[in-house]
Amino acid sequence: MKKTADSNPKVYRNYFRQRTANQWHKIEAEVGIPGAIRPFLAGNWKMNMIPLSGVALTARILDICRGIRDVDIGLAPPHTGLSTLADYIKPDFLRTEYGLGRNVFLLAQDTFFESKGAFTGEISPEMLGAIGVDRVIIGHSDRRANLGKYYGFASSVARRLTDSFLSDKLKKLKAKDGADAQVIATLEYLVAKENHELLSGLTRFLEEELRERAGESDQSIQLKIQAALGQGLQVILCCGENREARLANETFSLLDRQLRMAFEVVSPRAVSEVIIAYEPVWAIGEGAKPATLEQIKEVHDFIRNLIMDLYGEQTASNIRILYGGNVKPDNIVDIMNISGVDGALVGGASLKANDFASIIRFGLNT
Ligand code: PEP
C-alpha cells in the first residue's frame, strides 16, 4: 500500500475529531474520557465457522487481547453461530476471564425487515435482538451485488425474454378480460419477426446487467435499516463502489446515492446508532489489493462531509466510518492513521486469531 501523509501522522486509540480549515483532524483523548471516539474493529466471518469453531476462534482472539478496553471489538458469525457466541461473550465472563469491558459486540451479517410471517429462511431484527445481537451489518456488497449471480435472477429473466415464452404469454393475455393494453402491444412488438434481433439484444443486455447487480436494492436496505433501528439494534451500513464505477469516475455519485437513500430513513436522533463501513467492492477478498491511503482518505472525507450536510458538524465529527477491503495486520496502522477512519470491517483476516488480534491491537507495541 502506497503511503501518504495525512494531516495527522500519529495513531490514536481514542480521540476527538475536529474540523478546521475544511479538514478533519483527530485529537488524542484520554482513554475512557466521555465523548471520545473509540475505534471499532469488526470481523465479518461470512459463511464460515460452525458454532463451536466460532467460540474457539473467539477464545484465541480474546486471549491475545486481554485487558484491551479502549476499542470496540465486533464479531459477526453466520446466523447459526449467533446464539452460541452470545452465550460465550457475556460481559461478566469476559471481565473475569479476559479483563475486558463491555466492548465486545455481537454482530449479525444481515436481517430481514419484516418482524414475522411467510418469509422462509429470513430472520427478523426482533429475533436477533432476542438472542443478544447488538449490531447488524446491512448492505454488504456480497448481498448488494454478488449474490445476484448465485441466485440466478439474470438467467430467469433471460428465459422469459424468448420468442416462444413471450408468444405464449401474449396468447394468454389476449384471452384475459381487462389485460393491460400497453403490455399486449409491447409483447406484440417484441415477438414480431422483424424485431427478433432487438429482442435478443435486450435479453443479452439485461442478463449482463442483472448478473452483477440483482442483489439487494437501495430500497430494501432502507427498509432493513428502519426495522433494525426500530428494534434497538445498531446498524453497520456498508457502502462502496464496484470497479466499473471507480474506473468511470462515478465513485462519488454512487456513494452519494447509496448514502442519501439509506439516511433518508434515519432521524437525527437515531443517527448515533449508525456506523458506516466504506468498502470498495474491488478491494474486497482474497487476491484483491486494498484501496490506497489517498483513496481511503478522499472517500472518508467525502462521506463525512455528506453526513455534515445531512445532520450537521457535530454528528459528522462523531459518526464512525470504518474502512473495509483487505485490512491486514501490516496495513491497519497506516489505515488508522487516516484522520477520517474510525476502524475496520475485516473479512479474511478476521478468521485468523493472530491476524485479527493484531488488527485489534493496532498501535500497541506489545
Ligand atoms: C469484507 O468482506 O467485508 C471484507 C472487507 O473482506 P476482506 O477483508 O477479506 O477484504
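An account of the accompanying structure is given in this report. Once a new chain begins, its residue numbering starts again from 1 and follows that chain's sequence as written. The predicted nature of this model means local features are confined to residues of pLDDT at least 70 and side-chain atom pairs, given and counted, to a pLDDT of 80 or more, with totals for whole chains, interfaces and linings taken over all residues. Only heavy atoms go into the side-chain values, all of them from the structure, while hydrogens and water stay out.

**Things to note about the overall build of the protein**
In terms of helices and strands, the protein carries 16 helices and 10 strands. In terms of principal-axis extent, the alpha carbons of the protein reach across some 75 × 45 × 40 Å. Burial here depends on accessible area, computed with a 1.4 Å probe over protein chains only, as a share of the maximum for the residue type. Under 20% is buried, over 50% is exposed, and the range in between is partly exposed. Looking at the protein as a whole, 48% of its 366 residues qualify as buried. Contacts in the protein between residues far apart in sequence, at least 24 positions, make up 74% of those at least 6 positions apart. The Shrake-Rupley method, run with a 1.4 Å probe sphere, supplies the accessible areas, and residue values consider only the shown protein chains as cover. In the form shown here, the protein has an accessible surface area of approximately 17,800 Å², with 53% of it arising from carbon and sulfur atoms. For the purpose of charge, His is not counted, nor are the chain termini; Lys and Arg are scored as positive and Asp and Glu as negative. Charged groups are reduced to one reference atom each: NZ for lysine, CZ for arginine, CG for aspartic acid, CD for glutamic acid. Between the averaged position of the 44 positive side-chain charges in the protein and that of its 45 negative side-chain charges there is a distance of 3 Å. By the criteria applied, helices consist of DSSP H or I runs no shorter than four residues and strands consist of E runs no shorter than two, each listed in order from the N terminus. Every residue pair with non-hydrogen atoms within 4.5 Å of one another is taken to be in contact.

**A short note on the pairing of strand β8 (residues 274–278)**
For β8, the buried fraction is high: five of the five residues fall into the buried class. Side chains of β8 alternate between two faces, with V274, I276 and Y278 and I275 and A277 buried alike. Pairing between strand β7 (residues 234–239) and β8: five bridges, direction parallel. Looking at β8, one finds that C239 is bridged to Y278. One bridge is not enough; two strands pair if DSSP finds at least two bridges between them.

**Re the pattern of salt bridges**
For this document, the term salt bridge refers to a Lys or Arg side-chain nitrogen within 4 Å of an Asp or Glu carboxyl oxygen. One pass over the full model with this rule turns up 22 salt bridges. A salt bridge links D87 to K90; its shortest N-O distance comes to 3.8 Å. What makes D87 exposed here is its relative accessible area of 54%. What you see here is one network of salt bridges that share partners, running through R38, D72, R135 and R320.

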